[in-house]
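# Fold and contact review
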Amino acid sequence: AVVSTQSTGASKEGSSDLNELIYSRGLSLLELLTIFPSCHPGLGGLLQFLPRLNPRYYSVSRITQQGLKFVFNLITNTRHPATPPLPGVCSSWLNSLLPGATLYTYRRKNDSFIPHLPGRMILIGAGTGVSPFLGFLDAASTSDHVTLITGNRYRALDSLYEREFREHLSSGKLSVWHRAFSRDEVREEGGESWRYVQDVIRGSPGPELVKEITENVASVFVCGDAKGLAAGVWEALIEGLELHTGRSREESEWYLKEMRTVKRYCENIWS
């Protein structure tokens with residue numbers, strides 16, 4: 001309504017602006033009012049078009065007597081040349097809090113995404129998706145076998161919880177740690193360079209990961225983006241089962257689905 005009024009009413013040009021600015025770019029009401037400064041809707045009109053502010057969910061990485069710990073990304077979006085960068089609503093507010101501030105939260109349970117201990121686990125996460133695995137490793141013991149696969153952009157800038165994961169590796173709680181960096185060209189063990197966590201599954205660790213799943217009955221936990229990470233890991237594991245066990249694609253996919261049914265394949269994902 002705001003766009004078509006500023007343009008040419010119900011004309012084709014107005015419809016084109018509506019499709020481009022709202023449906024394609026997803027501009028907010030504030031951005032639209034910035035682009036069209038002559039538009040001055042009343043309060044009733046503004047309230048009509050304001051979307052509901054949905055809750056933001058964060059995976060808890062560690063719970064201690066001092067409180068809980070979680071991580072978040074600070075983001076800014078520039079979606080149109082005429083509008084200034086907009087910070088993320090919740091992340092920028094969290095970043096503005098001072099030490100000692102009170103934060104009110106509520107818990108959303110995910111009963112299937114809890115560590116299977118004692119036992120063997122493969123933990124796969126990228127970005128802030130690695131955060132719950134810190135708590136998994138806190139709960140593990142040196143008699144468990146835990147493989148961790150993490151993905152980040154730059155080794156030097158955003159290797160979340162690197163110090164803590166290295167401590168668990170040294171203590172023996174973490175058995176194997178594979179790392180992928182999407183923007184770096186740093187070579188990993190064996191001279192391989194992995195951009196994404198699914199590249200690790202397709203690389204030299206693949207046979208051992210498949211053995212962990214099929215012979216050692218390890219549980220798999222995946223945390224991160226649903227469209228990119230979760231779908232990519234699922235596909236890479238299907239390919240790995242085909243390649244290293246001789247199963248057909250249909251049999252490999254069925255195997256993973258059975259793992260999901262009995263809660264050996266667990267996901268904490270978002271879109």
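The following refers to the structure shown. (Residues numbered from 1 in each chain as written. Predicted model: local features only at pLDDT ≥ 70, side-chain atom pairs only at ≥ 80, totals over all residues. Heavy atoms only, no water.)

Next up on the list: the packing of aromatic side chains. If you walk through the whole model with that rule in mind, you get eight aromatic pairs. Ring centres of Phe136 and Phe221 lie 5.1 Å apart, and the angle between their planes is 80°; on these two criteria the pair is classed as edge-to-face. Here Phe136 is found in helix H6 (residues 132–139), whereas its partner Phe221 is found in strand S8 (residues 219–225), with 85 residues between them in sequence. On the basis of relative accessibility, which here comes to 5%, the residue Phe136 falls in the buried class. Here a set of aromatic residues connected by ring pairs shows up, and it is made of Phe113, Phe133, Phe136 and Phe221. The aromatic ring of Trp234 is capped on one face by Arg260, whose charged end is 4.3 Å from the ring centroid. (Phe/Tyr/Trp six-rings, centres within 6.5 Å; stacked < 30°, edge-to-face > 60°. Helix = DSSP H or I, 4+ residues; strand = E, 2+ residues; numbered from the N terminus. Buried < 20%, exposed > 50% of the residue type's maximum accessible area, 1.4 Å probe, protein only. Lys NZ or Arg CZ within 6 Å of the ring centre and 35° of its normal.)

Tallied over the full model, the rule gives nine salt bridges. The shortest N-O distance in the salt bridge between Glu235 and Arg249 comes to 2.8 Å. Highlighted residues: Glu235 in helix H10 (residues 226–245) and Arg249 in helix H11 (residues 249–261), separated in sequence by 14 residues. The class for Glu235 is partly exposed, based on a relative accessible area of 24%. Glu253 is the partner of Lys257 in a salt bridge, and the nearest nitrogen-oxygen pair spans 4.0 Å. Linking Lys257 with Glu253, this pair stays in helix H11, spanning four residues, or about one helical turn. Judged by its relative accessible area of 44%, Lys257 is partly exposed. Several salt bridges converge on common partners, so that one network encompasses Glu162, Arg166 and Arg179. (Salt bridge = Lys/Arg side-chain N within 4 Å of Asp/Glu carboxyl O.)

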